[in-house]
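Inside the fold
Each chain, written out:
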Amino acid sequence: MALHEAGTPTVRSQDDLLHLQETIRRESEFLPALVAELRKHIVGQQAMIERLLIGLLCGGHVLLEGVPGLAKTLTIRTLADAINLSFHRLQFTPDLLPADIIGTLIYNQKDGNFTPKKGPIFANLILADEINRAPAKVQSALLESMQERQVTIGEATYPLPSPFMVMATQNPIEQEGTYPLPEAQVDRFMLKVLIHYPSREEERRILDLMTEGEPPRVEPVVQPETLLRARRAVEAIYVDEKIKNYIVSLVMATRDPEAAGVPISAYLQFGASPRATIFLARAARAHAFLCRRGHVIPDDVKMIGPDVLRHRLIVSYEAEAEGRTTDDLIRTLFDHVEVP
């Protein structure tokens with residue numbers, strides 16, 4: 001296996017592919033135990049669990065949107081406990097201050113100096129509950145943490161622990177007392193996942209789990225070091241040139257649909273940013289890892305594409321008037337862009 005100057009692995013032979021496949025199979029051995037532990041506490045919500053794992057494997061942040069009571073907080077807390085990671089839940093409110101998240105300087109009367117008191121942002125997994133309830137100053141403080149993996153308190157900058165991931169939730173049906181998230185911050189989220197109601201069978205299983213005795217305890221079945229090794233393995237997964245061109249074609253088609261032959265130009269005001277291209281490739285690699293495969297196929301891109309693109313497309317007034325959502329446009333996009 002050779003390396004480009006930038007360090008990106010490129011497979012040149014069948015032996016390289018076989019060696020890479022064996023590496024991915026070995027580094028992904030922890031997945032069945034982790035998923036089984038999550039399944040003891042979480043009923044259904046397969047897509048949410050997969051997307052949270054993809055975010056962890058890529059070091060990306062995840063925005064969850066769904067009505068209350070769909071196990072968003074429970075899933076994130078269970079995931080943190082199962083991987084033995086530190087976890088903090090931040091309840092966002094309109095009166096929240098940046099210091100409540102990142103920390104502040106406290107005057108020490110004994111020696112006459114200011115000492116830093118680190119805030120709850122210093123944890124591996126952060127749940128930003130109802131993130132759109134916080135004002136702009138709090139959003140900007142969180143933005144540095146998400147993008148730079150560091151926090152500035154006073155004149156000093158402190159690195160955040162690794163791994164670090166923000167999982168934010170939004171309630172789509174309640175808008176009173178909320179602040180729209182800045183586009184710059186929304187773009188920092190790798191994935192936006194829509195959480196739906198459970199099926200009838202899942203609802204019955206939830207009833208049995210939560211009303212018949214104590215729910216089972218969460219046991220740590222994976223160590224953070226295993227997760228960090230898995231991240232390095234994900235970065236090595238092979239992406240063929242045709243797949244890369246397919247990803248670029250998808251993103252470019254959101255900016256100039258007419259040139260790509262996709263009939264959505266009247267419904268799009270702005271297309272996806274270059275972050276969409278980067279995150280789509282990374283997420284496709286992570287999806288291949290979850291499938292315990294050493295190479296990316298078009299189905300990986302198709303499966304994860306809507307979650308990468310839905311919060312990066314700005315629809316026009318025509319789309320709103322006709323009731324067309326970003327997911328509708330994304331389906332049309334994937335139907336018309338040629339698959340390699």
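Here is a short report on the structure shown in this document. (Residues numbered from 1 in each chain as written. Predicted model: local features only at pLDDT ≥ 70, side-chain atom pairs only at ≥ 80, totals over all residues. Heavy atoms only, no water.)

Our next topic: the sheet that holds strand β3 (residues 61-65). Taken in spatial order, the 5 strands make up an open sheet running β4-β7-β10-β3-β11, and their pairing is parallel. The two strands at the open ends of the sheet, each matched to only one other strand, are β4 (87-91) and β11 (189-194). With direction set aside, neighbouring strand axes in the sheet form an average angle of 20°. Inspection of the sheet shows β3 paired to β11 by 5 bridges, in the parallel sense. Directly across from L64, in β11, lies its bridge partner V193. (Pairing = 2+ DSSP bridges. Helix = DSSP H or I, 4+ residues; strand = E, 2+ residues; numbered from the N terminus. Axes fitted to C-alpha atoms, helices over the stretch in contact; angles between N-to-C directions.)

A word on the pattern of salt bridges. What the rule picks out here adds up to 17 salt bridges. D129 is paired through a salt bridge with R89; the nearest N and O atoms lie 2.8 Å apart. Of this pair, D129 sits in strand β7 (residues 125-129) while R89 sits in strand β4, placing them 40 residues apart in sequence. If you follow the salt bridges from partner to partner, you end up with E50, R51, D307, R310 and D327 in one network. (Salt bridge = Lys/Arg side-chain N within 4 Å of Asp/Glu carboxyl O.)

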